[in-house]
Amino acid sequence: IASQAAEKRGWHLYLVGGAVRDLLLAEGQTGTLMINDIDLVVDGFHQAADVGAGVELAKVLQEVYQNARLEIHGAFQTAALLWHKHPELNSLWVDIATSRTEFYPYPAANPEVEASSIRQDLYRRDFTINAMALRLTSPRSGELLDFFGGLLDLQAKEIRVLHPNSFIEDPTRIYRGVRFAVRFGFAIEQRTKEYINYAINSGVYDRTTQENVKTPALQTRLKTELKHIVEAPYWQSALQLLDDLGALQCIHPTLKLDIYILRELRLLEKLIIIYLRSCEKQQILHPFLHPWQMRLELLIAHLEPQYRTKVAKNLQLADDSINRLKKLAEMQTEVISLLPSCELPSQIVHLLKKYDAPTLMLVALKSPRQVRRKIWYYLTNLANVQPLLNGNDLKQLGYKPSPIFKQILDDLLTATLDGTIKDESEAREFLA
Ligand code: CTP
């Protein structure tokens, strides 16, 4: 529909970026290819008025598929259509960018002009494998435009940057390069590695880590890339490669992977699985817990306490993450000093109940084994124990609602936790 609409207006429409790469990678493979993010570029204008072409095409699509939400960005040049819960695809994004090359004073049907416009658009991109286009409009629809050897690099399994300054202009591309390398099992081409090295040695991370955030857009992109990495199944290899390239410095100049953090990250995986299983077994909803968020927090918790809040804010983490990291050192000191002397389950509950599960996981991972075990015991066995009788039972037993209710319930809980009472009839005796 979009290409017909473009053709009718004399424009050219291309599928670009990741979708072209993924289509080429899927060629000859069995299975279904899911593409949730489609990038289109429209160009070939000969009138200044056509600069809003992307938006116009998006509106045509929206008229046909009425359940799409339309967003327009940056001086009407880019339109995004979002289908939430598309019946077959869950959600689907379609971005339609208007090629940034100015309008042409003569008909863009001229193939040289057309080629130079889309070529420039592709040349601004990150890697050769992401800089190919598939023409969607006739004539020659279905033709692959590959000016920079992307197809050869796909075949050679190499991540090759398009220009030497790419990482200086946009350090988040280092993270993208690593993500693609690990995701596809590709190697980062030697010269590209040298450009990464050069960018890092020239202090490119100053722009992502500076105190007064002057580059929020850059930091948003860094957070997006980092999130993609830490939520993917390949997150461990990707973090390792980022570390090998010195690129974790973009998060903080002192951040390095060492055996301690690697061990903590591995342990975290186990803890999350056991914890979620135990929630399932007890049929309780686990508190807001995203494994990717926990991995990122643990990575930041590896920094000296005075840097943590700033880094969490720079990375635009959610408020609960920032708060946890801000208070972590203090909570850790409290728990490490008080928990060892808590012997009875009720004492453990009394000390730990004010913390949520993600906080306790971080504290546990940063504590000596004996403390870690008690926190663990609390999370999987004690945190959700309820008193054997509830408020309604008390009313039935003739107690009138009063402030003492809470005290009675607390006493019942203590007795339940510590095993003084084991069932309801013992609870009733206890009350008597
Ligand atoms: N791009 C770029 N530089 C960036 C981000 C994006 O050049 N820092 C370009 C690339 O051509 C990329 C396209 O914009 O292919 C779309 O970006 P994005 O949707 O973030 O990535 P995809 O390549 O589609 O990868 P993925 O499949 O992981 O979404």
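Enquirer: Would you mind going over the pairing of strand β2 (residues 37-43) with me for this structure?
Expert: On a regular strand, one side chain projects to one face of the sheet and the next to the other, so that they alternate. As defined by bridge partners, strand β1 (residues 12-16) adjoins β2 across five bridges and the pair is classed as antiparallel. For H12, the partnering residue across the bridge sits in β2 and is D43. Across six bridges, the pairing between β2 and strand β5 (residues 90-98) is parallel. Directly across from I38, in β5, lies its bridge partner V94.

Enquirer: Would you take a moment to explain the nonpolar core for this structure?
Expert: What tends to happen in soluble globular proteins is that the nonpolar side chains get buried as a cluster. Of all hydrophobic cores here, the largest spans 108 residues; its most connected members are Y175, L239, L339, L352, M361, I375 and L379. Those residues in contact with L339 that lie beyond four places of it in its chain are E334, I348, L351, L352, V371, K374 and I375. Core analysis: the second largest hydrophobic core is formed by 11 residues, V16, V41, A131 and L162 among them.

Enquirer: Would you mind going over the site of the ligand with me for this structure?
Expert: Residues in contact with the ligand amount to 14 residues; listed here are only the nearest, R21, D126, D170, R179 and R183. Measuring from an oxygen atom of the ligand, one finds a side-chain N or O atom of R21 at 2.9 Å. One nitrogen or oxygen atom from the side chain of R183 is found 2.9 Å from an oxygen atom belonging to the ligand. Summarising the interface, the protein chains cover 77% of the accessible area of the ligand, which totals 560 Å² for the free molecule. Top element by residues in the shell around the ligand is helix α7 (residues 172-184). It accounts for five residues.

Enquirer: Could you clarify how one ought to interpret the pattern of salt bridges in this entry?
Expert: Where charged atoms from two side chains of opposite charge come close, those side chains can pair. Applying the stated criterion to the full structure yields 23 salt bridges. A salt bridge links D170 to R173; the shortest N-O distance between them is 3.9 Å. Exposure remark for D170: the relative accessible area of 13% places this residue in the buried category. The shortest N-O distance in the salt bridge between R295 and E269 comes to 2.9 Å. Of this pair, R295 sits in helix α13 (residues 291-301) while E269 sits in helix α12 (residues 259-281), and the two are 26 residues apart along the sequence. Linked by salt bridges that have partners in common, D126, R176, R179 and E225 make up one network.

Enquirer: Teacher, can you tell me more about a nonpolar patch on the surface here?
Expert: On the surface, a nonpolar cluster with roughly 270 Å² of combined accessible area is contributed by I1, V64 and Y65. Inspection of the secondary structure assignment puts V64 in helix α3 (residues 53-64). Judged by its relative accessible area of 46%, V64 falls in the partly exposed class.

Enquirer: Just checking my understanding: could you explain unusual backbone geometry for this structure?
Expert: Excluding glycine, residues mostly carry a negative phi; peptide bonds, for their part, are mostly trans. Here the amide bond leading from S138 into P139 is cis, since omega sits at 0°, within 30 degrees of zero. Within the chain, R140 stands out as a residue other than glycine whose phi angle is a positive 65°. The residue R140 is located in the loop between β6 (133-135) and β7 (144-145) in this model. For Q316, which is not glycine, the phi torsion reads 55° and is therefore positive. The topology assignment puts Q316 in the loop between α14 (305-314) and α15 (319-338).

Enquirer: Would you explain a positive patch on the surface in this entry?
Expert: On the surface, R263, R266, K270, R369 and R373 cluster together to form a positively charged patch. Counting only elements with at least two residues in the positive patch, the list comes to α12 and α18 (369-382). A per-element tally of the positive patch places α12 first, with three residues. One can find R369 in helix α18.

Enquirer: What exactly am I supposed to notice about the side chain of R324 here?
Expert: Relative to the assigned elements, R324 resides in helix α15. Here the side chain of R324 touches D356 through a polar contact of 3.3 Å, side chain to side chain. Apart from residues no more than four positions distant in its own chain, R324 is found in contact with Q293, E297, M331, D356, P358, T359 and L362.

Enquirer: Before we go on, may I ask you to explain the environment of S117 in this structure?
Expert: With respect to the helices and strands, S117 occurs in helix α4 (residues 111-123). By relative accessible area, S117 is classed as buried at 0%. Sequence separation between S117 and S99 is 18 residues, and the spatial gap between their C-alpha atoms is 7.2 Å. For S117, the side chain forms a polar contact with the side chain of D43, separated by 2.4 Å.

Conventions and cut-offs
Residues numbered from 1 in each chain as written. Predicted model: local features only at pLDDT ≥ 70, side-chain atom pairs only at ≥ 80, totals over all residues. Heavy atoms only, no water. Pairing = 2+ DSSP bridges. Helix = DSSP H or I, 4+ residues; strand = E, 2+ residues; numbered from the N terminus. Core = buried A, V, L, I, M, F, W, Y, C linked by side-chain atoms within 4.5 Å. Buried < 20%, exposed > 50% of the residue type's maximum accessible area, 1.4 Å probe, protein only. Contact = heavy atoms within 4.5 Å. Near = heavy atom within 4 Å. Polar contact = N/O pair within 3.5 Å; in protein donor to acceptor, adjacent residues only side chain to side chain. Areas by Shrake-Rupley, 256 points an atom, 1.4 Å probe, with all protein chains shown as cover. Salt bridge = Lys/Arg side-chain N within 4 Å of Asp/Glu carboxyl O. Patch = residues over 30% accessible without salt bridge, like charges linked within 9 Å, V, L, I, M, F, W, Y side chains within 5 Å. Lys, Arg positive; Asp, Glu negative; His and termini not counted. Charge placed at Lys NZ, Arg CZ, Asp CG, Glu CD.

Purely geometric numbers; function is a separate question.
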